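The residues making up each chain are set out below.
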Amino acid sequence: MNLNIDMNQLMRRKKKVYPTKRYMNLYFKEDRTTAPATKALYILFAVVVIFALSKVMIYDPLNEVKQLNEKIALLETQSAEKLEDLKDYNKVLEDYIRATPTQEELAQVDIMQILNLIDNTVRPMAKIYQVSISENKVLLNFSDITLEEAAMLVYQLDQSKPVTNISVDTAVSTKGDKNLVEAHVYFEVSREEEKNS
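Residues numbered from 1 in each chain as written. Predicted model: local features only at pLDDT ≥ 70, side-chain atom pairs only at ≥ 80, totals over all residues. Heavy atoms only, no water.

Q: I'd like a description of the overall build of the protein chain, backed by residues and values.
A: In terms of helices and strands, the protein chain carries seven helices and four strands. Secondary structure elements of the protein chain, listed N to C terminal, follow the sequence α-α-α-α-α-β-β-α-β-β-α. The proportion of buried residues among the 197 residues of the protein chain is 15%. When the accessible surface of the protein chain is totalled, it reaches about 17,200 Å², and 58% of it is carbon and sulfur. (Helix = DSSP H or I, 4+ residues; strand = E, 2+ residues; numbered from the N terminus. Buried < 20%, exposed > 50% of the residue type's maximum accessible area, 1.4 Å probe, protein only. Areas by Shrake-Rupley, 256 points an atom, 1.4 Å probe, with all protein chains shown as cover.)

Q: Please give an account of helix α5 (residues 111-121) that cites residues and values.
A: Residues I114, L117, I118 and T121 constitute the buried set of α5. Down the axis of α5, the buried side of the element spans an arc of 95°, and every buried residue falls inside it. (Arc of directions from axis to C-beta.)

Q: Give me the nonpolar core: which residues, what numbers.
A: The biggest cluster of nonpolar side chains holds 21 residues, and the ones touching the most others in it are V122, L140, F142 and V185. Those elements that provide at least two residues to this core are α5, β2 (137-145), α6 (147-159) and β4 (178-189). Top element by residues in this core is β4. It accounts for five residues. Those residues in contact with L140 that sit more than four places away from it in its chain are I118, V122, I128, Q130, V131, L157, A183, H184 and V185. (Core = buried A, V, L, I, M, F, W, Y, C linked by side-chain atoms within 4.5 Å. Contact = heavy atoms within 4.5 Å.)

Q: Describe a nonpolar patch on the surface, naming the residues involved and giving the relevant values.
A: A cluster of nonpolar side chains, F45, V49, L53, V56, M57, I58 and L62, forms an exposed patch at the surface whose accessible area comes to about 730 Å². Positionally, M57 belongs in helix α2 (residues 36-85). Looking at M57, the relative accessible area reads 61%, which means it is exposed. (Patch = residues over 30% accessible without salt bridge, like charges linked within 9 Å, V, L, I, M, F, W, Y side chains within 5 Å. Salt bridge = Lys/Arg side-chain N within 4 Å of Asp/Glu carboxyl O.)

Q: Provide a residue-level description of the pattern of salt bridges, including the pertinent values.
A: Applying the stated criterion across every chain yields a total of five salt bridges. Between D95 and K91 there is a salt bridge, and its shortest N-O distance comes to 3.2 Å. Of the two residues, D95 and K91 are both situated in helix α3 (residues 89-99); the distance of four residues between them amounts to about one turn of the helix. You can call K91 exposed: its relative accessible area is 54%.

Q: Just give me the short version of unusual backbone geometry, but keep the residues and values in it.
A: One non-glycine residue with positive phi stands out, namely D144, at about 65°. Assignment of secondary structure puts D144 in strand β2.

Q: Help me get a handle on the environment of Q113, residues and values and all.
A: As for its placement among the helices and strands, Q113 is situated in helix α5. For the pair Q113 and P162, spaced 49 residues apart in sequence, the C-alpha separation works out to 9.0 Å.

What follows is the structure in structure tokens.
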């Protein structure tokens, strides 16, 4: 508590002062909210809001649906083209399987090489009746030659590179004054790499 208070000030009462208006305000602002320009602004604002809402809620979803339909049409066209390309798939697959050698065929000696060997060695001298090639085994029947010629042909076959094991059966027949034989030659062939290893 403050003891240094002037008691005279406390006893004196302050006069109450009430505010008074000394000037009169004669300015009056007319309400123009009903004027045509204000109405036009409100209408324009409403049109802009409606346009923005219609763009967001109607035009954009419709445009997105249109783009998705165009993509679907494009994908369906591409799918139809691919199906058109694949309509002969089964035939192409069958041709591919026929043209592609199997592992067993790759392991075999080239059949054309064996036939060329027989054609170059035996055919000029003898009449060939049968050639049977199964895997790497060959059965060859020829005739109308003498025993010495048959032995020479078998020797030539035995000396060729792919031939590994050879066995011969002969049967003698008489035609006129010559003793002709029919030879059954069985031999195995191997690829050049297998023979070297």
